[in-house]
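In case you want the letters, here they are:
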Amino acid sequence: MVVDLFNTGVIGGAANAARRLHISLRELDIESRFWHLRSSNLVGKDDSFKVMRWAAEKNCLRHTANALKASLRKPFLKKQLKSALGRKPAGTELFSSPQLAHQTVCNPFDLKSDVFHLHWIANFLDYRSFFQGLPDSFPIVWTLHDENPFTGGCHYTGGCRTFTSGCHCCPQLAKRSEQDLAYQYFQIKRHAFSKKNLHIVTPSHWLEGEARNSELLRQANSFQTIHNGLDLETFRPLDKTWAKQQLDMDPKLPVVCFGAESLQNRRKGFRELLETLRIVHRNTSFQGLVFGNDSDMSRDAALPPIKSMGYLRDEARQAIVYSAADVFVLPSLEDNLPQTGVESIACGTPVVAFKVGGIPDYVKPHKTGLLAERNRVPDLARQLEWMFNHPRERQRMGNAARLLAEVEFDQTTQALKYAKLYQNLTANFQSSPSNTLPVVSV
């Protein structure tokens, strides 16, 4: 079986999840190919990671015309999006377009592919030409890593529910109207998905529910939740005293850890974290550990000592950080299934978090961690302080967290679930009479 995975890059939360799945599929002897936008030294010489070169038009004149059209279209699309967004504040969520200046036609028959498996594809695939270029019956699995596939452009809705009926008057746009850019993008996606053989997979039950309620994906042929998997040999509990010593931290003081790809992302709740730490530090002695882009912090007398690790790519180093922590804090205000929390429980460290999105899939109150009401900083501080004051219960929750990771978040288990889905879809596709390639209009 040949499966082609598509993800914009090889770095980041969604990319890590897609890359881990790709490696696990190949270990099951499934010919998986990982297509992405640009080369990266992160994947080394592994030729199963491929930079996508979109098929060129065979007719020379037509190719020249398409290239000219793309060169003229690119600045127009860029200006259109920039104008609609206005001056977005720093740290606000991404809003992306489903249309690119150039066509991204990908022929599954030329690739000898059995399944296309999409992941995070913003700024990588042009929806209209990509989906139009596929036979309606060709199986497409789409793992959603945020809400963008079923909205008019936002990646997280901030509580807006218009995606359930049709986006318009978007609160994330500077220029809003009944037929604003969110409405236009929504219509592009609606036409792209029409009659396609879509099968939606989500890493969390929360995101599955949102996808089922969306207007754009109601026509999908199936929905299911498959949790993202980890290499549980790499992400495993290490001796806490040893791990703290490796990081030059005081082994006698409890450690609270937090991390995200970018701490400037408002949705990740870094502001709420600092406020929480200030409250707890009034009554408790502890030390902090933080990692991610923009994690350098100016000293604040109201905060405990905090060690910044910067951006961590090495997974063995990440496991040391998670193991050094006594508690991992996850103050996301909106999220799917944050990988940092999954990695933490795999290392036997319980999680304290706001009760949002898919986080309750692995933070089970008083079993694998504690939950606070969304955006209630005093409640989050109370839960964290409880953890510090109950070391036995904290250790018990850490042990239970590791057991949950072994049952729900093992990457081989994840790959086997996807392999079963692929097999069912390819069997149906081979028996379908409409397996001809459509013509993509210019």
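Preceding this section is the structure that the text describes.
This report concerns the structure included in the present document. (Residues numbered from 1 in each chain as written. Predicted model: local features only at pLDDT ≥ 70, side-chain atom pairs only at ≥ 80, totals over all residues. Heavy atoms only, no water.)

What to know about the nonpolar core
Proteins that are soluble and globular tend to have nonpolar side chains buried together. Applicable threshold: By convention a nonpolar core is built from buried Ala, Val, Leu, Ile, Met, Phe, Trp, Tyr and Cys residues, the set being connected through side-chain atoms within 4.5 Å. Buried, partly exposed and exposed residues are distinguished by accessible area as a fraction of the type maximum, computed with a 1.4 Å probe on protein chains only: under 20%, between the cut-offs, and over 50%, respectively. When checking whether two residues touch, look at their non-hydrogen atoms; a contact exists if any pair is within 4.5 Å.
Counting 61 residues, the largest nonpolar core has Leu289 and Tyr362 as the members making the most contacts within it. Every residue in contact with tyrosine 362, bar those within four places of it in the chain, is listed here: Leu330, Leu337, Pro338, Gly341, Val342, Ile345, Thr368, Leu404 and Phe409. Counting 44 residues, the second-largest nonpolar core is a separate cluster that includes Ala84, Ile121, Trp142 and Phe150.

Thoughts on the sheet that holds strand β6 (residues 197-202)
Quick note on the threshold: A pair of strands is labelled paired if DSSP reports no fewer than 2 bridges between them. Helix and strand assignments come from DSSP, with helices taken as H or I runs of at least 4 residues and strands as E runs of at least 2, each series counted from the N terminus. Angles run from 0 to 180 degrees between N-to-C directions of axes, and those axes are lines fitted to C-alpha atoms, restricted for helices to the stretch in contact.
Read from one edge to the other, the open sheet built from 7 strands follows the order β3-β2-β1-β4-β5-β6-β7, with strand pairing classed as parallel. The open sheet has two free edges, formed respectively by β3 (49-51) and β7 (222-225), since each of these has just one partner strand. Neighbouring strand axes in the sheet, compared pairwise and without regard to direction, differ in orientation by 25° on average. Both strand β5 (residues 139-143) and β6 contribute to a ladder of 5 bridges, which runs parallel. Within β6, the residue paired with isoleucine 140 across the bridge is leucine 198. The sheet contacts of helix α5 (residues 205-213) involve β6 and β7, and relative to β7 the element is tilted by about 165°.

Topic: the side chain of threonine 284
Within the element layout of this structure, threonine 284 appears in the loop between α7 (270-281) and β9 (287-293). You can call threonine 284 buried: its relative accessible area is 12%. In this structure, threonine 284 is in contact with Glu385 and Phe388, ignoring residues within four places of it in sequence.

Quick notes on the sheet that holds strand β11 (residues 327-330)
Strand order in the open sheet made by the 6 strands is β10-β9-β8-β11-β12-β13, with parallel pairing throughout. Among the strands making up the open sheet, the edge pair consists of β10 (306-308) and β13 (369-372). Between one strand axis and the next, the sheet turns through 20° on average, direction left out of account. Where β9 and β10 come together, 3 bridges link them in parallel fashion. In the sheet register, glycine 288 faces β10, and the bridge partner there is isoleucine 306.

Description of the packing of aromatic side chains
Stated formally: By convention, a stacked pair of Phe, Tyr or Trp rings (six-membered ring in the case of Trp) has centres within 6.5 Å and planes under 30 degrees apart, an edge-to-face pair has planes over 60 apart, and any other such pair is tilted.
Summed over all chains, the structure comprises 21 aromatic pairs. Note on phenylalanine 150 and phenylalanine 163: the rings are 5.2 Å apart at their centroids and 45° apart in plane angle, and the pair reads as tilted. Within this pair, whereas phenylalanine 150 is found in the loop between β5 and α4 (181-193), its partner phenylalanine 163 is found in the loop between β5 and α4, the two being separated by 13 residues in sequence. With respect to burial, phenylalanine 150 and phenylalanine 163 carry one shared label: buried. Every member of this aromatic cluster is reached through a ring pair, and the members are Phe6, Phe116, Tyr127, Phe130, Phe131, Phe138, Trp142 and Phe193.

Scope: geometric values only; no functional claims are made or implied.
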